[in-house]
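# Descriptive structure summary
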Protein chains: 4
Amino acid sequence: MEKITGLIDAPFTPMFPDGDINLEPIPRYAAMLAKNGLKGVFINGSSGEGYMLTPQERKALSEAWVKAVPDGFKVIVHVGSCCLRESVELARHAAAIGAWGIGSMAPPFPKIGRIEELVKYCEAIAAAAPELPFYYYHIPAFNGAFLPMLDLLEAVDGRIPNFAGIKYTFESLYEYNQCRLYKDGKYDMLHGQDETYLASLAQGGAEGGICGTTNYNGREQVAIGEAWKAGDLETAREKQNFSQAVINVICNFRGNIVGGKRIMKLIGLDLGPNRVPFRNMTDEEEAAMKAQLDAIGFFGRCNQF
Amino acid sequence: MEKITGLIDAPFTPMFPDGDINLEPIPRYAAMLAKNGLKGVFINGSSGEGYMLTPQERKALSEAWVKAVPDGFKVIVHVGSCCLRESVELARHAAAIGAWGIGSMAPPFPKIGRIEELVKYCEAIAAAAPELPFYYYHIPAFNGAFLPMLDLLEAVDGRIPNFAGIKYTFESLYEYNQCRLYKDGKYDMLHGQDETYLASLAQGGAEGGICGTTNYNGREQVAIGEAWKAGDLETAREKQNFSQAVINVICNFRGNIVGGKRIMKLIGLDLGPNRVPFRNMTDEEEAAMKAQLDAIGFFGRCNQF
Amino acid sequence: MEKITGLIDAPFTPMFPDGDINLEPIPRYAAMLAKNGLKGVFINGSSGEGYMLTPQERKALSEAWVKAVPDGFKVIVHVGSCCLRESVELARHAAAIGAWGIGSMAPPFPKIGRIEELVKYCEAIAAAAPELPFYYYHIPAFNGAFLPMLDLLEAVDGRIPNFAGIKYTFESLYEYNQCRLYKDGKYDMLHGQDETYLASLAQGGAEGGICGTTNYNGREQVAIGEAWKAGDLETAREKQNFSQAVINVICNFRGNIVGGKRIMKLIGLDLGPNRVPFRNMTDEEEAAMKAQLDAIGFFGRCNQF
Amino acid sequence: MEKITGLIDAPFTPMFPDGDINLEPIPRYAAMLAKNGLKGVFINGSSGEGYMLTPQERKALSEAWVKAVPDGFKVIVHVGSCCLRESVELARHAAAIGAWGIGSMAPPFPKIGRIEELVKYCEAIAAAAPELPFYYYHIPAFNGAFLPMLDLLEAVDGRIPNFAGIKYTFESLYEYNQCRLYKDGKYDMLHGQDETYLASLAQGGAEGGICGTTNYNGREQVAIGEAWKAGDLETAREKQNFSQAVINVICNFRGNIVGGKRIMKLIGLDLGPNRVPFRNMTDEEEAAMKAQLDAIGFFGRCNQF
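To start, this report covers the structure provided alongside it. All figures in this text were calculated on a predicted structure; none of them were measured in a lab.

### Describing the overall build of chain A
Secondary structure assignment for chain A yields 12 helices and 8 strands. Computed over C-alpha atoms, the radius of gyration of chain A comes to 18 Å, within 12% of the 19 Å expected from 2.2 N^0.38 for 305 residues, which places it in the range of a compact globule. A total of 305 residues make up chain A; the buried ones form 67% of that total. On chain A, roughly 10,200 Å² of surface is accessible, and the fraction owed to carbon and sulfur atoms is 52%. Here chain A holds 30 positive side-chain charges and 36 negative ones, and the gap between their average locations is 1 Å.

### Examining the interface of chain A and chain D
Between chain A and chain D, the contact holds 23 residues from the first and 24 residues from the second. For the pair chain A and chain D, the interface holds 0 salt bridges. Counting every contact that joins chain A to chain D gives 16 residue pairs in polar contact (both at pLDDT 80 or more). With 7 residues, the single largest contributor to the side of chain A that touches chain D is helix α10 (residues 233-251) of chain A. For the side of chain A that touches chain D, a count of residues per class yields 11 nonpolar, 9 polar and 3 charged.

### Things to note about the relation of the copies chain A and chain B
The operation relating the pair of chain copies consists of a rotation about an axis and a translation along that axis. Of the transformation placing chain A onto chain B, the axial shift is 0.0 Å and the rotation is 180°, giving an RMSD of 0.0 Å. The symmetry that links the two subunits is that of a two-fold axis. Taking C-alpha positions as the reference, the residue of chain A nearest the rotation axis is P108 of chain A, at 2.9 Å. Both copies share a contact surface, since 100% of the interface residues of chain A are interface residues in chain B too.

### Topic: the relation of the copies chain A and chain D
Between chain A and chain D, the superposition needs a rotation of 180° and an axial shift of 0.0 Å, giving an RMSD of 0.0 Å. Looking at chain A, 100% of its interface residues are interface residues in chain D too, so the copies touch through the same face.

### So, the environment of K239 of chain A
Residue and element names in this part refer to chain A. In this structure, K239 sits in helix α10. Considering only alpha carbons, one finds K239 and S47, 192 residues apart in sequence, at a separation of 22 Å. Apart from the residues within four sequence positions on either side, K239 is in contact with E220, A223, I224 and R301.

### Comments concerning the interface of chain A and chain B
Chain A puts 34 residues into the contact, and the matching count from chain B is 34 residues. Where chain A abuts chain B, roughly 3,000 Å² becomes buried across the two surfaces, and 67% of that area is made up of carbon and sulfur atoms. Our enumeration of links across chain A and chain B arrives at 6 salt bridges. Ionic pairing is found between E57 of chain B and R85 of chain A, a salt bridge with its closest N-O pair at 3.9 Å. At the boundary of chain A with chain B, the tally comes to 11 residue pairs in polar contact (both at pLDDT 80 or more). The set of elements that each furnish at least two residues to the side of chain A that touches chain B consists of α2 (55-68), α3 (84-97), α4 (115-127) and α5 (140-143) of chain A. In terms of residues, the side of chain A that touches chain B owes the most to one element, α4 of chain A, which gives 4 residues. Of the residues belonging to the side of chain A that touches chain B, the class tally is 19 nonpolar, 3 polar and 12 charged.

### Looking at the side chain of D194 of chain C
All names here are of chain C. Relative to the assigned elements, D194 resides in the loop between β7 (188-191) and α8 (197-203). K167 provides the closest opposite charge to the buried, unpaired D194, separated from it by 7.5 Å. For D194, the side chain forms a polar contact with the main-chain nitrogen of G212, separated by 3.2 Å. D194 has contacts with I210, C211, G212, T213, T214, Q221, Q240, S243 and I247, leaving out every residue within four places of it along the chain.

### Notes on the pairing of strand β3 (residues 74-78) of chain C
All names here are of chain C. Along β3, 5 of the 5 residues are buried, which leaves the element largely enclosed by surrounding structure. Neither face of β3 is left uncovered, since the one carrying K74, I76 and H78 and the one carrying V75 and V77 both have all their residues buried. In the sheet, strand β2 (residues 40-43) pairs with β3 via 4 bridges, with the strands oriented parallel. When the sheet's bridge partners are listed, G40 is paired in β3 with K74. Between the parallel elements β2 and β3, the chain passes through helix α2 (residues 55-68) in a crossover that is right-handed. Two strands pair when backbone bridges link them, and β3 and strand β4 (residues 101-105) are joined in this way by 3 bridges, in the parallel orientation. Note that in β4 the partner of V77 across the bridge is I102. Once the chain exits β3 it traverses helix α3 (residues 84-96) before rejoining the sheet at β4, and the crossover so formed is right-handed.

### Structural notes on the pairing of strand β6 (residues 163-168) of chain C
For a regular strand, the rule is simple: side chains alternate between the two faces of the sheet. All names here are of chain C. With 6 of its 6 residues buried, β6 lies for the most part within the structure. As defined by bridge partners, strand β5 (residues 134-138) adjoins β6 across 5 bridges and the pair is classed as parallel. Counted as the bridge partner of H138 is Y168 from β6. Bridge analysis of β6 against β7 gives 4 bridges, and the strand direction is parallel. Along β7, the bridge assignment pairs Y168 with H191. In this view, the connection linking β6 to its parallel neighbour β7 by way of helix α7 (residues 173-181) has right-handed handedness.

### Thoughts on helix α11 (residues 255-266) of chain D
All names here are of chain D. In this model, α11 (12 residues) spans 16 Å end to end at C-alpha, consistent with the 16 Å of a helix rising 1.5 Å per residue. With respect to burial, α11 is a largely interior element, 11 of its 12 residues being buried. Here α11 has its buried residues at G255, N256, I257, V258, G259, G260, K261, R262, I263, M264 and L266. Along its buried surface, α11 packs onto α1 (26-35), α5 (140-143), α9 (214-229), α10 (233-251) and α12 (283-295).

### Digging into the arrangement of the chains
The smallest C-alpha distance separating chain A from chain C is 18 Å, and no contact links them. Structurally, chain B and chain D remain out of contact, their C-alpha atoms never closer than 18 Å.

### A closer look at the environment of I166 of chain A
Structurally, the position occupied by I166 of chain A is in strand β6 (residues 163-168). Separated by 32 residues in sequence, I166 of chain A and F134 of chain A have C-alpha atoms that sit 8.7 Å apart.

### With respect to the packing of α2 of chain A against α3 of chain A
Residue and element names in this part refer to chain A. Axis separation between α2 and α3 bottoms out at 10 Å; the angle between their running directions is 20°. The orientation of α2 relative to α3 falls into the category roughly parallel. As α2 packs across α3, the resulting crossing turns out to be right-handed. Where α2 abuts α3, its residues P55, R58, K59, S62, E63 and V66 lie against E86, E89, L90, H93 and I97. In terms of residue class, the contact of α2 with α3 is made up of 4 nonpolar, 2 polar and 5 charged.

### Structural notes on the pattern of salt bridges
In total, this model carries 80 salt bridges over all chains according to the counting rule given. Residues K59 of chain A and E89 of chain A are paired through a salt bridge, measuring 2.5 Å at the closest nitrogen-oxygen approach. Taken together, the positions of K59 of chain A in helix α2 and E89 of chain A in helix α3 put the pair 30 residues apart, joining distant regions of the chain. Looking at K59 of chain A, the relative accessible area reads 21%, which means it is partly exposed. Close ionic contact of K186 of chain B with D157 of chain B constitutes a salt bridge, the shortest N to O distance being 2.6 Å. Linking K186 of chain B in the loop between α7 (173-181) and β7 (188-191) with D157 of chain B in the loop between α6 (149-156) and β6 (163-168), this pair joins segments that are 29 residues apart in sequence. On the basis of relative accessible area, K186 of chain B is assigned to the partly exposed category, the value being 42%.

Rules behind the numbers
Residues numbered from 1 in each chain as written. Chains lettered and ligands numbered in written order. Predicted model: local features only at pLDDT ≥ 70, side-chain atom pairs only at ≥ 80, totals over all residues. Heavy atoms only, no water. Helix = DSSP H or I, 4+ residues; strand = E, 2+ residues; numbered from the N terminus. Rg over C-alpha atoms; globule rule 2.2 N^0.38 Å. Buried < 20%, exposed > 50% of the residue type's maximum accessible area, 1.4 Å probe, protein only. Areas by Shrake-Rupley, 256 points an atom, 1.4 Å probe, with all protein chains shown as cover. Lys, Arg positive; Asp, Glu negative; His and termini not counted. Charge placed at Lys NZ, Arg CZ, Asp CG, Glu CD. Contact = heavy atoms within 4.5 Å. Salt bridge = Lys/Arg side-chain N within 4 Å of Asp/Glu carboxyl O. Polar contact = N/O pair within 3.5 Å; in protein donor to acceptor, adjacent residues only side chain to side chain. Nonpolar A, V, L, I, M, F, W, Y, C, P; charged D, E, K, R; others polar. Least-squares fit on C-alpha atoms with pLDDT ≥ 70 in both. Buried area = accessible area lost by both parts, 1.4 Å probe. Pairing = 2+ DSSP bridges. Right-handed = clockwise from strand over helix to strand, strands pointing away. Expected span 1.5 Å × (residues − 1). Axes fitted to C-alpha atoms, helices over the stretch in contact; angles between N-to-C directions. Parallel < 35°, antiparallel > 145°, perpendicular 65-115°, else oblique. Left-handed = near helix turned anticlockwise from the far one by under 90°.

Next up, the structure:
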């Protein structure tokens with residue numbers, strides 16, 4: 001199975017001020033991501049408020065992204081839902097419209113406590129789009145599925161033919177590496193923590209990753225990997241430190257989904273509000289965030305729309 | 001606002017062997033609950049695998065229950081969803097078809113971390129069915145919303161006119177009591193832990209409750225309250241101990257949603273399987289559970305279909 | 001084995017302003033507890049900052065308490081320590097000086113993860129004072145030992161001859177009751193949450209308890225049980241509600257160990273500061289706490305020194 | 001202040017079969033560590049079962065280690081205890097006998113919830129040995145002190161003169177890096193997770209570390225850093241992967257304290273049992289562990305006694 005090389009972006013979902021989804025900015029959005037060196041998008045995931053969208057909205061977004069992206073730019077559709085039937089329908093839809101792949105995290109409800117439960121869930125979704133690679137999105141902080149990923153690989157191996165790998169958004173680089181080493185790299189382990197990308201590259205693997213901060217800091221985040229490949233450790237470190245500095249700022253403003261989405265407005269692409277229950281930033285908060293980003297020289301280091 | 005007196009049952013969702021929902025058993029189901037002394041149902045909640053159903057299925061179930069119940073038997077529809085827009089639509093539907101009330105737990109995704117987030121979520125749902133009482137369903141073990149409920153009452157007071165109270169499914173009888181005492185009982189605090197019903201009655205309040213085990217052990221659970229009211233402490237204790245003995249058994253078989261749903265089959269009302277990711281019981285497990293129930297005399301103490 | 005009837009107090013450890021222990025107040029302290037209807041003390045536990053004391057200090061305190069208490073007033077010495085050898089020595093000492101019993105919580109380090117580990121730990125301590133009843137002090141919020149207590153009873157039964165029971169300081173009245181019912185009440189289950197005493201009495205058992213707030217609210221807390229026994233539910237509820245109101249206040253001031261210890265000063269028995277790492281209350285905090293206690297009529301309802 | 005370069009070992013505490021401490025193996029132990037390239041020892045910590053030792057035993061061990069080590073080999077004494085007065089006494093003792101430095105984790109009881117509590121605790125210990133560097137040992141999985149370390153650095157900066165840095169045993173390489181960058185590296189950030197050493201080196205820093213598995217896998221673990229410095233990434237990765245393979249094995253046998261200590265016997269230095277509540281390995285478990293170590297070629301890659 002093809003392995004992903006380079007970084008995939010997890011886009012925000014553009015919305016009108018009243019909260020309706022807004023497909024209009026997507027072409028410009030996609031173009032900018034490509035310009036910044038991203039290799040694809042993982043849509044309708046956590047950054048995209050996927051669980052907060054109706055199935056109809058999720059389909060409309062998928063269609064818009066598939067239509068908007070340049071040739072060879074991957075669209076992976078997150079189809080996870082508490083309702084498996086909905087996920088299956090979304091997986092079929094993704095296949096039908098020509099998405100490159102699909103993915104799903106563990107359902108946040110009911111909380112998954114056993115590998116067998118997780119395998120059953122993934123199996124049913126993957127089977128609904130058998131021609132597409134399926135990625136499991138491991139982000140236990142969001143759904144409580146603190147399960148050993150090596151056990152998952154062993155359990156799906158030979159059972160889910162289109163299981164491609166894991167988007168690994170968890171702290172343990174040890175476990176990440178063990179999964180990467182499984183059967184000499186049988187599965188595609190996509191690094192999923194922008195702040196430790198360089199560390200992961202050194203350990204080996206992480207040729208591919210899925211990122212949340214590349215929406216606004218894509219050029220610099222991509223450059224970490226390029227510098228590393230070029231053997232320029234000093235530059236790679238400087239850019240990773242800058243990436244962490246950006247993350248330090250969004251951590252002060254309710255993280256990537258809230259703070260990060262608002263940065264898009266500051267660089268020229270207003271994506272509108274977050275959905276309830278997220279608390280949208282006030283104008284005062286926006287100004288404070290802008291000042292913090294200024295202080296680290298952010299606006300001089302990113303491409304603006 | 002009217003307060004609920006007596007116990008409300010949280011029904012399972014009947015399904016065909018292929019997992020499709022099955023509306024056919026609902027009238028018999030409702031009749032049995034009424035016969036056992038229950039005062040209503042809280043449908044499409046956690047026992048009902050509500051999050052695992054599509055909106056269409058949830059509506060169909062609501063309609064079937066409203067149609068099936070006898071006069072005065074309350075139907076409260078759980079409309080919670082990760083997608084607020086879906087919840088709003090379900091709330092409107094519940095009002096339109098004549099449900100008695102609505103309720104919602106905190107969304108399991110994104111995890112609620114602040115009272116303000118929770119209030120915004122409840123507010124939007126409650127406003128969609130302004131003529132119906134809205135109950136917040138507090139079950140933090142399921143969704144991670146470990147928030148102080150007294151703070152919630154203070155926050156909604158004066159802001160959500162049809163906020164009726166809380167279905168309190170958490171361990172702290174102390175917090176439960178403090179909520180009950182808020183403004184001399186302004187809000188309806190529904191006890192939500194079958195195993196500590198008597199303890200809660202003694203402390204005061206708990207005149208109303210919402211129960212999961214009353215699907216199969218309704219007569220005995222209802223009798224705890226009746227014995228208590230009649231001043232017969234000895235009987236109340238005996239029946240509460242029996243209730244705990246039943247709960248001991250289901251805890252051995254993945255809890256109420258899995259084990260409890262299968263008990264229904266054992267007493268004559270086959271409700272079919274659970275949805276993925278739940279692991280359905282094997283025949284061996286069913287036999288083992290039956291033996292454990294036999295050992296505590298369960299089948300002689302419940303009404304069978 | 002004798003079962004404890006009535007309430008045992010968990011005293012604070014009196015200290016001089018420089019943090020040295022101060023044995024002088026102990027006789028007056030003991031006399032007041034007896035006057036308020038307490039039946040004994042559980043010393044050097046969490047309220048007593050036992051883990052923060054040296055073994056020499058713990059022994060000195062044990063001796064002072066044994067000497068100070070009136071006839072028939074039980075002294076139970078908490079001998080728990082991260083270092084089992086220290087606990088064994090303290091258990092021997094307790095036996096040698098004529099303490100009534102001993103107890104220990106699970107060691108906070110290393111965190112106990114298995115019943116077998118806990119049994120080994122308890123076994124060694126209990127064996128060091130074979131003539132004294134040994135109580136396991138279950139307070140998992142403090143040491144992470146979230147283990148099923150029924151499993152503990154089964155494991156110690158027939159193995160630790162002087163295992164007397166459990167001081168149960170955890171939320172689950174269900175588990176508490178199941179332990180109480182084990183072999184028709186073979187073990188002494190001491191209720192350990194002042195705020196749910198009445199609830200526990202109703203359920204059955206809880207004839208004995210170990211309390212932290214009885215240091216300053218002993219008379220009223222004792223009265224809950226008396227009213228219950230006398231069949232006066234209304235009074236029992238009023239006094240339990242008052243007990244919760246007092247607890248509401250100390251929760252605003254870092255809980256019983258910090259806030260509660262300072263209340264002692266307000267009622268005439270200055271017990272000095274808490275040890276590091278506790279943050280002692282400032283004078284402003286003390287004044288604020290006093291005002292909150294005044295507001296609930298506390299000072300008119302407790303005996304003052 | 002001098003920064004540590006290279007790896008410090010956290011030794012096990014040698015014990016006789018009856019559990020008494022055994023000082024006899026320490027000179028041979030120290031010599032082997034030096035031979036393997038270690039730069040010092042961090043004694044009486046978690047690997048050393050420090051909390052399970054009496055103060056007398058801890059002092060005896062400190063003296064034995066100080067006496068046994070070759071010139072320039074650092075002895076850092078972990079002096080943490082639930083009882084601050086004991087820690088202060090141990091810190092004074094460490095200074096008096098000529099230890100190189102001291103360290104302490106947060107007390108496991110009471111659980112530290114605020115930076116200010118932690119600072120007070122560290123401050124009192126550091127002040128007891130003002131001429132020695134003091135290291136905070138961050139290992140929140142063991143004591144629940146999940147506090148932001150950057151906040152700690154800011155809080156101690158200017159307040160605790162001999163605060164040298166942090167032994168960082170936690171998953172977040174992001175936080176580790178942010179601490180390392182604080183005031184251009186003002187504090188000595190000692191890497192504390194053997195399995196992610198290479199990842200940390202790439203990110204920058206981690207010139208020094210404190211390790212648990214270097215007791216038996218020291219030569220190879222040290223070689224990771226040497227290969228990295230020499231620019232030989234391939235070798236560094238191979239050795240890091242081997243280090244993880246060893247850790248995979250001990251994870252199957254209750255981790256480093258239990259499994260790792262028993263490996264010492266397998267390589268010729270029997271250090272005796274673990275103290276209660278640890279469950280010592282059975283002979284069968286030892287044989288199974290030996291087989292797993294054999295399978296990864298462990299015995300050919302370590303120096304044996």
